[in-house]
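# Architecture and fold: a report
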Protein chains: 4
Amino acid sequence: MYITVWNEYRHEREEEFKKVYPDGMHGAIAEYLRAEGFDVGTAVLDEPEHGLTDEVLAKTDVLFWWGHCAHEEVSDEIVNKVYRRVMEGMGLVVLHSGHASKIFRKLMGTDSYDLKWRESGDMEILWNCNPGHPITKGVGDKIILPHEETYGEHFIIPEPDETVFISWFTGGEVFRSGLCYRRGRGKIFYFRPGHEAFPTYYDPTVRRVLKNAAIWAAPEDTEKLTYGWVPATV
Amino acid sequence: MYITVWNEYRHEREEEFKKVYPDGMHGAIAEYLRAEGFDVGTAVLDEPEHGLTDEVLAKTDVLFWWGHCAHEEVSDEIVNKVYRRVMEGMGLVVLHSGHASKIFRKLMGTDSYDLKWRESGDMEILWNCNPGHPITKGVGDKIILPHEETYGEHFIIPEPDETVFISWFTGGEVFRSGLCYRRGRGKIFYFRPGHEAFPTYYDPTVRRVLKNAAIWAAPEDTEKLTYGWVPATV
Amino acid sequence: MYITVWNEYRHEREEEFKKVYPDGMHGAIAEYLRAEGFDVGTAVLDEPEHGLTDEVLAKTDVLFWWGHCAHEEVSDEIVNKVYRRVMEGMGLVVLHSGHASKIFRKLMGTDSYDLKWRESGDMEILWNCNPGHPITKGVGDKIILPHEETYGEHFIIPEPDETVFISWFTGGEVFRSGLCYRRGRGKIFYFRPGHEAFPTYYDPTVRRVLKNAAIWAAPEDTEKLTYGWVPATV
Amino acid sequence: MYITVWNEYRHEREEEFKKVYPDGMHGAIAEYLRAEGFDVGTAVLDEPEHGLTDEVLAKTDVLFWWGHCAHEEVSDEIVNKVYRRVMEGMGLVVLHSGHASKIFRKLMGTDSYDLKWRESGDMEILWNCNPGHPITKGVGDKIILPHEETYGEHFIIPEPDETVFISWFTGGEVFRSGLCYRRGRGKIFYFRPGHEAFPTYYDPTVRRVLKNAAIWAAPEDTEKLTYGWVPATV
């Protein structure tokens, strides 16, 4: 399985966040997934074609996506290519502020960018609502993150195919924070935590979820079906 | 529309809870629904046939169900009759500890009795996850209940057809607290709040949800379809 | 309730189809809905702004959409305005070849344009898979259309929120032909039949479905929720 | 992975059906699954405890279930044990007339026994509605069975988590014939074909579906979560 971790990679070039993620969030995630035995590449916004060339996309089984302040700088052409690959079966793991990315909005068909938020370093507790689901393997009852950005409902999304995590925040909010969708032949997992200011992607249980999600989202071998004009079957 | 509010009615005969609900929780709910213009009856466990005679069930459009300590005293025969009416289209609003009732378990097909709980008078905040849904009409962003029993995930239920509310509790828990299901021709709404020790069913927004749920769950006019042996259609 | 029936209105200007629908398919549908007591307007592609001015969209509760050969001529600006109104709660009834329209594709997030098809005048039988659903009121077991265009699975769509009809065709195909989705605050119903060559929209049971769908898709009164930055709730 | 194929095994003791399935349908299915490398046992109604002892159930990862004329002879105790194992994660593949079995009804919570049927040897075409799903691997567009019993909608079931196959029958009927549900930690696949009079379970593509379903339904490693009284988390 080949995984590409895509990151906007703007915040982590600033001193404040570089301290947390010296190699960017993509670097932290890729380093972990490699240690777990996956074949992993990275790609960032400021590379040509955002690092998502036809060749890279063609070989990618699961694409991780983190974006925040520069969603609008992602070219529609690349978004359409990513969409095309999801329809073909490529898995997509959308992280944190990626809820507002072009690709997630295109796949959801709703105003998924809108929600409540607050950067106050609340504690986040992600509750396991789906034991027995491959994405919660090894997770136990909950994941506690001492400090995270807060998101609050209402999250404008289609009713999830599977609800995996729901988050609690100190300040009183809740958020559906682990969600599965199937679109075309592709599987999509949205996973909420991961603000640039906090070392969330070093948390061992968060990492376990990322690994589980990659395995879950990997494409099945699929065959071509017939579309378009057909003669009568009988 | 005719509504029957069914209650186990054991707790509220004790002094401690009688102070909160002098006429029982069914009394408090029925009184409100009547004031809103509905035709409402009540029924309790200790009446003959638990107050759910064939006549009562036949005329009931929406049945509210509150039970807790005496689920096992509800006769299987009555449960089967209620189930039969849900299949035919009767709406069912299951309240609070009714999650462990025979009828809810029968309709869900899962161990819906199991969850985390704590009677510590935590604050509960029910967040509206479904604006535009008829059950959240007039509710706004959230319902704040200063003191309630706490429930925590994991709640063992089928993936809901529609998630309407999710609750936050002071102690760190979350719970899917407003859930819609369609089973047979009937609509089912599970609504979490309503511990016997707290005046939850007097809260005006909670009451609004009860009213909305009754309207939502009311049966459509339905026709008989054909089941069993059929000749070829063409 | 105000209904706008939108039609591409290209086919029915040709002699062959004008015989079937002298006033266009929108005319046939609007005439029926008016006779049923609804307030109905029509709009077609070749009008300025495709007939969907801000004023028209603002007052429309439910929009019917029929398009086929000219999907690409619909301006993205108007599609975005229709999308905006669906998010706000406007109902959308997408008819037949509208499965490939820009607006349906945008709302589904999948390649919903692709399916099997054949213009061979097969019989279509739409089976009621959802008795008790408001859209099947008065429909009975099935709708038989002596001649229709054939569509066949696989239809590339998100798993439907509710499956209402499934179609059988003489030539051996099946198709999910009545499907409900909720997106944002809006309700969407896809209804398959309605090829321009056949008098489908004069069929009394098909008409009953159109009426039922309009009633089902009508928006609820909804309130504004809070989005964006929020202070702590507790 | 250990698979148990359970069969009522009454029909195939009669001459008429013994010709088709000399070793019973369970024998035909088990023989195939063994050849594919699975560890497979069988169990039938007339064995003590219906062949489903605690030991057998404890080691079973996926249980296949075929029953028809003797559903009521299956003891409630065994049904409850099977249910318990599904809640824990055991996969369940319910075949054909198993739609009316006690275990399937218990898990669905609806009148799943009721549907249209006809033993007229119609052709059945199962259409692949879910390419990319593990259960349709190697299946292609469709499965054609020259002769089968006919089932017709309406099938009284909860809206499926995933619709995998829909069947067409010569006589004009359609049926949702491949359906996925998740209940508790268990995965359930309903697969329609398999009347005792036809050699359906020798069909290579039907067999491929059985194998795919076993792999799909196999349990994940799961951990215990906490249920019951809990102290505050924060």
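Residues numbered from 1 in each chain as written. Chains lettered and ligands numbered in written order. Predicted model: local features only at pLDDT ≥ 70, side-chain atom pairs only at ≥ 80, totals over all residues. Heavy atoms only, no water.

Attention shifts here to the relation of the copies chain A and chain C. Superposing chain A onto chain C takes a rotation of 180° plus a shift of 0.0 Å along the axis, which leaves an RMSD of 0.0 Å. The superposition operator between the copies reduces to a two-fold rotation axis. Closest approach to the rotation axis within chain A is made by the C-alpha atom of A:Gly109, at a distance of 2.7 Å. Taken together, the interface assignments show that 100% of the residues at the interface of chain A recur at the interface of chain C, consistent with an identical surface on both copies. (Least-squares fit on C-alpha atoms with pLDDT ≥ 70 in both. Contact = heavy atoms within 4.5 Å.)

This brings us to the interface of chain A and chain D. Contacts between chain A and chain D engage 30 residues on the former and 30 residues on the latter. Between chain A and chain D lies a buried interface of about 2400 Å² when both sides are counted; carbon and sulfur atoms form 55% of it. At the junction of chain A with chain D, the criterion picks out four salt bridges. We note a salt bridge from A:Glu220 to D:Lys137, for which the minimum N-O separation is 2.8 Å. Our enumeration of links across chain A and chain D arrives at 14 residue pairs in polar contact (both at pLDDT 80 or more). (Buried area = accessible area lost by both parts, 1.4 Å probe. Salt bridge = Lys/Arg side-chain N within 4 Å of Asp/Glu carboxyl O. Polar contact = N/O pair within 3.5 Å; in protein donor to acceptor, adjacent residues only side chain to side chain.)

Okay, the confidence of the model for chain A next. On average, chain A scores 97 in pLDDT, and the residues at 70 or more come to 100%. Both scores are given for the predicted complex: the pTM is 0.98, the ipTM 0.97. (pLDDT = per-residue confidence, 0-100.)

Residue and element names in this part refer to chain C. With ten of ten residues buried, strand β8 (residues 174-183) is to be regarded as a mostly interior element. The pairing of strand β7 (residues 162-169) with β8 spans six bridges and is antiparallel. Bridged to Phe165 within β8 is Gly178. Between the end of β7 and the start of β8, which pair antiparallel, lie four residues, with Gly172 showing a positive phi angle near 115°. Summarising the sheet, β8 and strand β9 (residues 186-191) pair through six bridges and their orientation is antiparallel. Looking at the pairing, Arg182 lines up with Lys187 of β9. What sits between β8 and β9 in their antiparallel hairpin is a turn of two residues, with Gly184 showing a positive phi close to 60°. (Buried < 20%, exposed > 50% of the residue type's maximum accessible area, 1.4 Å probe, protein only. Helix = DSSP H or I, 4+ residues; strand = E, 2+ residues; numbered from the N terminus. Pairing = 2+ DSSP bridges.)

Proximity of charged atoms lets side chains of opposite charge pair with each other. For the structure on display, the rule yields 77 salt bridges over all chains. The residue A:Glu153 makes a salt bridge to A:Arg176 at a minimum N-O spacing of 2.8 Å. Taken together, the positions of A:Glu153 in the loop between β6 (142-152) and β7 (162-169) and A:Arg176 in strand β8 (residues 174-183) put the pair 23 residues apart, joining distant regions of the chain. Taken as a pair, A:Glu153 and A:Arg176 share a single burial class, namely buried. Salt-bridge contacts for B:Lys187 lead to B:Glu220; the nearest nitrogen and oxygen are separated by 4.0 Å. Here B:Lys187, found in strand β9 (residues 186-191), pairs with B:Glu220, found in the loop between α6 (204-217) and β10 (228-229); they are 33 residues apart in sequence, far enough to count as distant. The exposure class of B:Lys187 is buried, given its relative accessible area of 12%. A single salt-bridge network, built from bridges that share partners, covers A:Arg10, A:Arg13, A:Asp46 and A:Glu73.

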